[in-house]
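Single-letter residue listing:
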Amino acid sequence: YLKYEHDEVLKKPLLDVNGNWVLRRDILLDGINCEPELFDVECEMLNTQYHKNQNYDEIKTHHYLISFDPADKDECGLTGEQAQAIGMEYVKANFPGHQALVCTHMDGHNGSGNIHVHIVINSLRIYEVPLLPYMDRPADTREGCKHRCTNAAMEYFKSEVMEMCHREGLYQIDLLN
């Protein structure tokens, strides 16, 4: 979904005349603590190293989304490059020590035209990090331990998005209410 065109109704990738998946246009893709094109392989290697995420039903990644108001593009001058930079900054500040993909789509969802940033992190941390405000146990900082998306973490993440939008002069909604 991040890199390839999809039929929104059927939830299937679109194919070209040769049966190959069609690459999306107008995307930006970066990796943090990984090569973006090798994200899956590098995550599997870390999972194997720590003997984690070996079962089908285990949470292997977390997917977060920063979705900007459609008016941010026209009225505030938001570009895909600026959104990608915001996404990269957000990941470095809020998911340190994780392998992450940051992928900005400029086409919106279902024709809405809004720029949005997909953030996908490996559930395992690759590096030890300092304790952040939303973390409540020592394992939340250790390499080889899993990310937990608690209610406190979600409140913190939402407030961070709101603060970034405010700082950048972008429209925002109150994500906390």
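Structure's up top.
In this numbering scheme, every chain counts its residues from 1 along its sequence in written order. Confidence filtering applies because this is a predicted model: local features only for residues at pLDDT of at least 70, side-chain atom pairs given and counted only at 80 or more, and all residues used for totals across whole chains, interfaces and linings. Note that the side-chain values use all heavy atoms of the structure and ignore hydrogens as well as water.

**A few points about the pattern of salt bridges**
When the charged atoms of two side chains lie near each other, side chains of opposite charge can form a pair.
So, point 1. A side-chain nitrogen of Lys or Arg and a carboxyl oxygen of Asp or Glu constitute a salt bridge if their distance falls within 4 Å. Inspection of the entire model under this criterion finds 6 salt bridges.
So, point 2. A salt bridge links Glu37 to Lys3; the nearest nitrogen and oxygen atoms lie 2.6 Å apart. Remark: Lys3 occurs in the segment before β1 (6-7) and Glu37 occurs in the loop between β3 (27-32) and α1 (39-50); sequence separation between them is 34 residues.
So, point 3. For the exposure calls, accessible area comes from a 1.4 Å probe over protein chains only, and a residue counts as buried if that area is under 20% of its type's maximum, exposed if over 50%, partly exposed in between. Under the relative-accessibility criterion, Glu37 is labelled exposed at 51%.
So, point 4. Lys3 gets classed as partly exposed once you look at its relative accessible area, which sits at 23%.
So, point 5. Each of the salt bridges in this network shares a partner with another, and the network as a whole consists of Asp136, Arg137, Asp140 and Arg148. Think of it this way: any DSSP run of H or I at least four residues long counts as a helix, any run of E at least two long counts as a strand, and we number them from the N terminus.

**Quick notes on a nonpolar patch on the surface**
So, point 1. Together, Leu38, Val41 and Met45 make up a nonpolar patch on the protein surface, roughly 280 Å² of accessible area in all.
So, point 2. On the secondary structure map, Leu38 appears in the loop between β3 and α1.
So, point 3. Its relative accessible area of 42% is what places Leu38 among the partly exposed residues. Patch membership requires over 30% relative accessible area and the absence of a salt bridge. Like charges are linked within 9 Å, and nonpolar side chains (Val, Leu, Ile, Met, Phe, Trp, Tyr) within 5 Å. All accessibility values rest on the Shrake-Rupley procedure with a 1.4 Å probe; residue burial counts only the protein chains present in the view.

**Details of the environment of Tyr171**
So, point 1. Note on placement: Tyr171 falls in the segment after α4 (151-168).
So, point 2. Here Tyr171 falls in the partly exposed class, since its relative accessible area comes to 38%.
So, point 3. Here the alpha-carbon distance between Tyr171 and Asp69, two residues 102 residues apart in the chain, equals 6.3 Å.
So, point 4. Each residue touching Tyr171, except ones within four places of it in the same chain, is listed here: Asp69, Ala71, Asp72, Glu75, Cys76 and Cys165. Whether two residues are in contact is decided by their heavy atoms: any pair within 4.5 Å suffices.

**What to know about the side chain of His116**
So, point 1. Take His116: it is sitting in strand β6 (residues 116-125).
So, point 2. Polar contact criterion, stated in full: a pair of N or O atoms within 3.5 Å, where within protein one must be able to donate a hydrogen and the other to accept it, and residues adjacent in sequence count only if both atoms are side-chain atoms. A polar contact of 3.2 Å, which involves the side chain of His116, links it to the backbone oxygen of Asn114.
So, point 3. Side-chain polar atoms of His116 contact the side chain of His118, separated by 3.4 Å.

**Considerations on the side chain of Arg24**
So, point 1. By the element assignment, Arg24 lies in the loop between β2 (12-13) and β3.
So, point 2. A relative accessible area of 10% means that Arg24 is categorised as buried.
So, point 3. Polar contacts involving the side chain of Arg24 include one to the main-chain carbonyl oxygen of Tyr4, which spans 3.4 Å.
So, point 4. Arg24 has contacts with Tyr1, Leu2, Lys3, Tyr4, Glu5, His105 and Asp107, leaving out every residue within four places of it along the chain.

**Comments concerning the nonpolar core**
So, point 1. Judged by nonpolar contacts, the single largest core of 27 residues is most densely connected at Phe68, Tyr90, Phe95 and Ile119.
So, point 2. Within the residue set of this core, elements represented by two or more residues are β4 (61-67), α3 (80-94), β5 (98-105), β6 and α4.
So, point 3. Once residues within four sequence positions are removed from consideration, Phe68 is found in contact with Leu78, Ala83, Ile86, Asn114, Ile115, His116, Val117, Cys165 and Leu170.
So, point 4. Throughout this description, the term nonpolar core refers to a set of buried Ala, Val, Leu, Ile, Met, Phe, Trp, Tyr and Cys residues connected via side-chain atoms within 4.5 Å. Counting residues in each nonpolar core, the second largest holds 7 residues, with Leu2, Cys34, Cys103 and Val120 among its members.

**Quick notes on α4**
So, point 1. Helices are assigned an expected span. That span is 1.5 Å times one less than the residue count. The terminal C-alpha atoms of α4, which comprises 18 residues, lie 26 Å apart, in line with the 26 Å expected from a rise of 1.5 Å per residue.
So, point 2. For α4, the complete set of buried residues consists of Ala153, Phe157, Val161, Met162, Met164 and Cys165.
So, point 3. Each element contacted by the buried residues of α4 is listed here: β4 and α3.
So, point 4. After α4 finishes, the residue Gly169 shows a positive phi value of roughly 75 degrees.

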